[in-house]
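Coordinate analysis (summary)
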Amino acid sequence: MTLDQTLILSILAASIGLFLWGRWRHDMVALAALLACVFTGLIPGQDAFAGFGHGAVITVACVLVLSRGLQSTGAIDVLAQKLLPKNAGLAIGAAMLTALGAFLSAFMNNVWALALLMPVAIQLARKQEVPPGVVLMPLAFGTILGGMTTLIGTPPNLIVSGFRADLSGEPFRMFDYSPVGALVALTGVVFITVIGWRLVPRREPAGVESFETGHYLTEVRVTEKNKVVGKPLREAEALLDNDEAQIVGLVRNDLRVQAPNPARVLRAGDILVLEAEPEALSAVLSSLGLALEEDVETESDDETEQASAPTSDDEESEKESGDDSGSALQEWAALPGSTLLGRSASDIRLRTRFGINLLAVSRQGKRSVKRLRSIRVRAGDVLLLQGSSDAISAFGREFGCIPLAERSIGVPDKGKAALGVSIMGLAILAAAIGWVPAAVAFAAGVLGFMVSGVLPMRSMYEAIDWPVIVLLAAMIPVAGVMASTGAADLLAQILLENVAGGNAIVAVVLLMVITMTLSDFMNNAATAAVMCQIAISSAAVLSVNPDTLLMAVAIGASCSFLTPIGHQNNTLILGPGGFRFGDYWRLGLPMEIIVVLVGTPLLLWVWPL
């Protein structure tokens, strides 16, 4: 083994370890690996960021923008409304949802496909009186399966296509993945809808009702001799940091304000609405030196109306949440890639900026109403928010969260919806027939969206999942070093001689299983970048068609079903479904076995060795 091979394999091993550790974000790990290759002389400094111009990276960014544009026009909502039966039973309704999710994921980002259909799935579960997870997990797995059927369905397919272009000068085209991918996806969807949904653990999520917020709201009166009189509200809240309580409302002169501004100065006679655990109430009253006024109950419903009115005084003129409209309780889930991740309500000044209260958080089926101002949000968390519907919606748009209540369906502008679908269709057609490279076709589609106003200009760059872009752009040069140093050839030879025994069919199965397993615990795009080089080297050693082995990597990287961290869609349903880390394998393991059993013979038939 040469020095360069030792260096790249060490960097790769360290990167995989950091991916599995999960403490650092995937893009940070990938960037660290890239810089390590530069500092060790494996990648010339001038070529370090060449990955940002790679066709796969450009295509992923463009597809994200196009997906957001289709979602914003309402066209996908209307399609879902027309295709899904309104009075279907659980089995038929879940089957239709899963099939629709798989279809949408073939042509748009599968995270957005899942996000659009999640409220419908939750509504179906409520009508059928079953836990939402029974519908959500099949839907999430369906959207993952749909992604493997086309070039743009999932980033690993684009990565694989890029390596094929480097190898032979000709990338995989739009529907080259379909003969195998579509049949594997169809088999998976049929299994899920007939048998698989029965394997999903039935866990009750932390819905609005189960948070029981009414049992924790208490009114206390500020007296003239109280130590918080004349002080800003934020100082009173600071006194509650150790008592696991928060101030969620204020009543002054018979006018109620939801989520009062932290700068508001307290006066004698004010009534504060506190949220606290019953056993902590005495400590809360003692900390503030307040007198108990009365207990108040809130209705645990999706939208709880409370009396509210405009409020102002000599010192303040700001407008606060609840001034003009009733207060609502709504559940919102944090998307993977949300700008809210790793931040708390205090960090984003939730109350000051939006006039919203965070009443509770659900994470992996566990509910919490404690230390909400400081708890850091993770992907898949369900947030119980209180405030005006408009304010909560503005918060969701800005921070990348989605509502779990069913939305009203409508098309604000039918012309833009039709135009958006037409532009997307033309981009797909241009890529499919090979008229222009996929990156050029979809970049032209993005330009069409910009010129026609299908998607507002301010939303263009917000639609791009930048951590994914950085991850891809950093890992592509790192994977290239594996080829240039011969490290990929070395790994391929070890696998083929010691595990596959020189058998090409065993090598196909081995590559698919290894890729699938790695994708269950680390980012699937990074996995594809690493495994593609090993697949190419393995094909050279065996003197077989490299397309077969590259397609095995594509299928394996697209099928992450065992854990909530393997795919963004698995993470997204974690909170809303009330799932725990170990719940996924019950349906995920049979799914991965089916993919291998069905995918292997199809690969050998469609892409013969």
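Keep in mind that this is a model prediction, so the values were computed, not measured.

A few words on the overall build of the protein chain. Each helix and strand in the protein chain was counted, giving 24 helices and ten strands. With 609 residues in all, the protein chain has 57% of them scored as buried. A separation threshold of at least 6 residues defines the contact pool for the protein chain, and within that pool the share at least 24 residues apart is 78%. When the accessible surface of the protein chain is summed, it comes to about 24300 Å², and 59% of that surface belongs to carbon and sulfur atoms.

On to the nonpolar core, then. Considering soluble globular proteins, one finds that nonpolar side chains tend to be buried as a cluster. In terms of nonpolar packing, the biggest core is built from 153 residues, with Ile8, Phe141, Phe442 and Leu603 touching the most fellow members. If we ignore the near neighbours within four places in the chain, the residues touching leucine 603 are Val180, Val508, Met512, Thr548, Met551, Ala552, Ile555 and Pro608. In terms of nonpolar packing, the next biggest core, distinct from the first, is built from 18 residues, Ile348, Leu358, Val361 and Cys401 among them.

A word on the packing of helix H4 (residues 75-83) against helix H5 (residues 90-105). Axis separation between H4 and H5 bottoms out at 11 Å; the angle between their running directions is 145°. Every pair of crossing elements has a handedness; the one defined by H4 and H5 is right-handed. Across the interface between the two elements, Ile76, Leu79, Ala80 and Leu83 of H4 pack against Met96, Leu100 and Leu104 of H5. Per-class residue counts for the contact of H4 with H5 are seven nonpolar, no polar and no charged.

Moving on to the packing of aromatic side chains. Taken as a whole, this structure holds ten aromatic pairs when the rule is applied. Centre to centre, the rings of phenylalanine 172 and tryptophan 607 are 5.5 Å apart; their planes meet at 75°, and the pair counts as edge-to-face. Placement of phenylalanine 172 in the loop between helix H8 (155-168) and helix H9 (178-194) and of tryptophan 607 in the segment after helix H24 (585-606) is noted, with a sequence separation of 435 residues between them. In terms of burial, phenylalanine 172 and tryptophan 607 fall into one category: buried. Every member of this aromatic cluster is reached through a ring pair, and the members are Phe103, Phe107 and Phe175.

What follows is about the packing of H8 against helix H22 (residues 546-557). Orientation of H8 relative to H22, taken along the N-to-C sense of each, is 160°, at an axis distance of 9 Å. One element, H8, and the other, H22, form an angle in the roughly antiparallel class. Note on packing geometry: the crossing formed by H8 with H22 is right-handed. For the pair H8 and H22, contact is made by Pro156, Asn157, Val160, Arg164 and Leu167 and by Pro546, Asp547, Leu550, Val553, Ala554 and Ala557, respectively.

Turning next to a nonpolar patch on the surface. Side chains of Leu31, Leu35, Phe39, Phe49 and Phe52 sit close together on the surface and give an oily, nonpolar patch of about 500 Å² of accessible area. Mapping phenylalanine 39 onto the fold places it in helix H2 (residues 26-39).

A word on the confidence of the model for the protein chain. Here the protein chain averages 82 in pLDDT, while 85% of its residues score no lower than 70. Helix H10 (residues 208-211) is the least confidently modelled element of the protein chain, averaging 48 in pLDDT, while H22 averages 95, the highest of any element. pLDDT under 50 marks residues 207-215. Its contacts with residues more than four places away, or in other chains, come to 28 contacts. Counting interchain partners and residues more than four positions distant, the pLDDT-below-50 stretch residues 294-325 has 86 contacts.

Quick look at the pattern of salt bridges now. Pairs can form between side chains of opposite charge once their charged atoms are near each other. For the coordinates displayed, the defined rule picks out seven salt bridges. A salt bridge links arginine 25 to aspartate 27; its shortest N-O distance comes to 2.6 Å. With its nearest N and O atoms 3.4 Å apart, the salt bridge here joins glutamate 331 to arginine 126. Of this pair, glutamate 331 sits in strand E6 (residues 328-334) while arginine 126 is found in helix H6 (residues 110-127), placing the two residues 205 residues apart along the sequence. The class for glutamate 331 is buried, based on a relative accessible area of 9%. Take arginine 126: its relative accessible area is 34%, and that puts it in the partly exposed class.

About the criteria used
- Residues numbered from 1 in each chain as written.
- Predicted model: local features only at pLDDT ≥ 70, side-chain atom pairs only at ≥ 80, totals over all residues.
- Heavy atoms only, no water.
- Helix = DSSP H or I, 4+ residues; strand = E, 2+ residues; numbered from the N terminus.
- Buried < 20%, exposed > 50% of the residue type's maximum accessible area, 1.4 Å probe, protein only.
- Contact = heavy atoms within 4.5 Å.
- Areas by Shrake-Rupley, 256 points an atom, 1.4 Å probe, with all protein chains shown as cover.
- Core = buried A, V, L, I, M, F, W, Y, C linked by side-chain atoms within 4.5 Å.
- Axes fitted to C-alpha atoms, helices over the stretch in contact; angles between N-to-C directions.
- Left-handed = near helix turned anticlockwise from the far one by under 90°.
- Nonpolar A, V, L, I, M, F, W, Y, C, P; charged D, E, K, R; others polar.
- Phe/Tyr/Trp six-rings, centres within 6.5 Å; stacked < 30°, edge-to-face > 60°.
- Parallel < 35°, antiparallel > 145°, perpendicular 65-115°, else oblique.
- Patch = residues over 30% accessible without salt bridge, like charges linked within 9 Å, V, L, I, M, F, W, Y side chains within 5 Å.
- Salt bridge = Lys/Arg side-chain N within 4 Å of Asp/Glu carboxyl O.
- pLDDT = per-residue confidence, 0-100.

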